[in-house]
Amino acid sequence: MKILSIETSCDETALALIEANGGLKNPRFKILKNLVASQIKIHQPFGGVVPNLAKREHIKNLPVLFRKIFGISNFQFPIFKQVPNSKFQILNSIDLIAVTIGPGLEPCLWAGIGFAKDLAKKWGKPLIGVNHLEGHLYSFLLKQKTAISNFQFPPISSRVLDKVGTISNFFPAIALIVSGGHTILLLMKDLTHYKKLGETRDDAAGEAFDKVARLLNLSYPGGPELEKLAKYRSSTSIDFPRPMLNQKNYDFSFSGLKTAVLYYLRDQNPCLSGRQAKAINSKLKADVAASFQQATIDVLTAKTFRAAKEFKAKSIWLSGGVANNKALRKKFQKEAKKKKINFFAPSLKFTTDNASMTAVAAYFNHLKNKKHRLIAQGDLNI
């Protein structure tokens, strides 16, 4: 089936056109178009995303991306009479429209939902709501643009399987979704049945990255900037805490780690607050960045692989915006190889918000007849 998907959960306006087939036993996805309009430069002066400003940009960007997806010029949404007859064949070939309904910033979510509802009404096409977290969960199934992706590809660790098996060879699996708003550990029975083992009790890992970046006076978005700064240190010299590392549960907590960084910076120079850390010398800032990053990675790795051992997992899945962190991916890759567990992670371009992953989740929802209310649900969980 052909799916048009829409993603506006935060500050990325995204549309994608995907072909999906194979069902749940052998899912295959071909990316026909994958477009993302970034708002980073718009929100940079504010040090974070301004919801209503983001909504305004989504409303402006959605028809622009729509025109690019279908090659339609002089198109003013939603007046479809301006669409050339030759283009109706492409539009009519779509089997399903999908849109992110949460979690996210509700003004932003409503922009995408409204656009999707108008499209579905004008075309008479079915519309399905998608959980943004499930999009991240399945993002590793997307590999490269215009290339068919199959679940049965070799792990990203480059270890080639002796025999290409069926999907059952990869389950049970442990999936870690780690982003700016969530840190969630799941036990996967198969592609669509999962159980939550634990999640963050306060700040998500990505949120902690961004907050520590602000303490170091790094530009928005802070997480990638902190990772760049951490690369300048080959070793970590500051012994920051590893919150909840030795607790038997699978929950996370990063608020205390963030606070430990704040206190450390304050103690280095009592005259400076965290927001004045620009005055701190660059070596110290790099030390803090590298040490904080390593503490976070240690916790994420330890809990994930402990869960893999307990539940005899055959695979580890890593997804979400923080999965773009190369140090984290390298650590997971190394541990998976040591423990002889398959490791799957999305291509770097699919770790951040995009509509292709929304289409993948929509395909599975459609097959399972799983439906969400078509309203913005900012606090939707998995």
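Residues numbered from 1 in each chain as written. Predicted model: local features only at pLDDT ≥ 70, side-chain atom pairs only at ≥ 80, totals over all residues. Heavy atoms only, no water.

Caption draft 1: Main features of the overall build of the protein chain. What the protein chain contains, in helices and strands, is eleven helices and eleven strands. Across the 382 residues that make up the protein chain, the buried fraction comes to 53%. Surface exposure of the protein chain reaches about 16,900 Å², of which carbon and sulfur atoms provide 51%. (Helix = DSSP H or I, 4+ residues; strand = E, 2+ residues; numbered from the N terminus. Buried < 20%, exposed > 50% of the residue type's maximum accessible area, 1.4 Å probe, protein only. Areas by Shrake-Rupley, 256 points an atom, 1.4 Å probe, with all protein chains shown as cover.)

Caption draft 2: Seen up close, the pattern of salt bridges. Enumeration according to the criterion identifies 16 salt bridges in this entry. Close ionic contact of R242 with D239 constitutes a salt bridge, the shortest N to O distance being 3.9 Å. A residue is classified by how much of its surface remains accessible, and R242, at 24% relative accessible area, is partly exposed. On the basis of relative accessibility, which here comes to 73%, the residue D239 falls in the exposed class. Taken together, the salt bridges that share partners define one network made up of D203, E207, K211 and K258. (Salt bridge = Lys/Arg side-chain N within 4 Å of Asp/Glu carboxyl O.)

Caption draft 3: Looking closely at the environment of R242. Counting through the fold element by element, R242 comes out in the loop between α7 (222-230) and α8 (255-268). Between the C-alpha atom of R242 and that of F292, which follows or precedes it by 50 residues, the distance is 9.5 Å. Every residue in contact with R242, bar those within four places of it in the chain, is listed here: Q294, A295, D298 and V299. At a separation of 2.8 Å, a polar atom in the side chain of R242 contacts the side chain of D298. (Contact = heavy atoms within 4.5 Å. Polar contact = N/O pair within 3.5 Å; in protein donor to acceptor, adjacent residues only side chain to side chain.)

Caption draft 4: Here's a closer look at the layout of surface pockets. Its boundaries defined by the atoms lining it, the largest pocket holds a volume of some 1,200 Å³. Around the largest pocket, the lining is made up of 43 residues, and of these C10, S179, G180, G181 and D210 lie nearest the centre. Listed by contribution, the elements that provide at least two residues to the lining of the largest pocket are α5 (132-137), α6 (205-215) and α7. A per-element tally of the lining of the largest pocket places α6 first, with six residues. (1 Å grid on protein atoms, 1.4 Å probe; cavity = no way out; pocket = protein on both sides within 12 Å on 5 of 7 lines; lining within 4 Å. Points joined across faces, edges and corners; volume = space filled by probe spheres on them.)

Caption draft 5: Geometry of the packing of α8 against helix α9 (residues 282-310). Interaxial distance between α8 and α9 falls to 11 Å at its minimum, and their mutual angle equals 160°. The orientation of α8 relative to α9 falls into the category roughly antiparallel. The crossing of α8 and α9 is right-handed. On α9, the residues that touch L257, V261, Y264, L265 and Q268 of α8 are L284, V288, F292, A295 and T296. Looking at side-chain class alone, the contact of α8 with α9 contains eight nonpolar, two polar and no charged residues. (Axes fitted to C-alpha atoms, helices over the stretch in contact; angles between N-to-C directions. Parallel < 35°, antiparallel > 145°, perpendicular 65-115°, else oblique. Left-handed = near helix turned anticlockwise from the far one by under 90°. Nonpolar A, V, L, I, M, F, W, Y, C, P; charged D, E, K, R; others polar.)

Caption draft 6: Quick peek at the sheet that holds strand β8 (residues 183-188). Spatial strand order, β9-β8-β7-β10-β11: five strands in an open sheet with mixed pairing. Single-partner strands in this sheet number two, and they are β9 (194-199) and β11 (342-344). Averaged over neighbouring strand pairs, the angle between their axes works out to 20° when direction is ignored. With three bridges connecting them, strand β10 (residues 315-319) and β11 associate as parallel partners. Looking at β11, one finds that S315 is bridged to N342. α9 contacts β7 (173-178), β8, β9 and β10 of the sheet and is inclined by roughly 155° relative to β7. (Pairing = 2+ DSSP bridges.)

Caption draft 7: Examining the side chain of D203 more closely. With respect to the secondary-structure elements, D203 resides in the loop between β9 and α6. Given the relative accessible area of 7%, D203 is considered buried. Reaching out from D203, the side chain makes a polar contact with the side chain of K211 at a distance of 3.4 Å. Once residues lying within four places of it in the same chain are set aside, the contact partners of D203 are K211, F254, S255 and K258.

Caption draft 8: The environment of L216, seen in detail. Tracing the chain through its elements places L216 in the loop between α6 and α7. Along the primary structure L216 and V261 are separated by 45 residues, whereas in three dimensions their C-alpha atoms are 9.6 Å apart.

Caption draft 9: A look at the pairing of β10. Counting buried residues in β10 gives five out of five residues, a clear majority hidden from the surface. Neither face of β10 is open: one carries S315, W317 and S319, the other I316 and L318, and all of them are buried. Relative to β10, β7 runs parallel, the two being bridged by five bridges. Each residue of the ladder has a partner; that of I174, found in β10, is I316. With helix α10 (residues 326-339) bridging β10 and its parallel neighbour β11, the resulting β-α-β unit is right-handed. (Right-handed = clockwise from strand over helix to strand, strands pointing away.)

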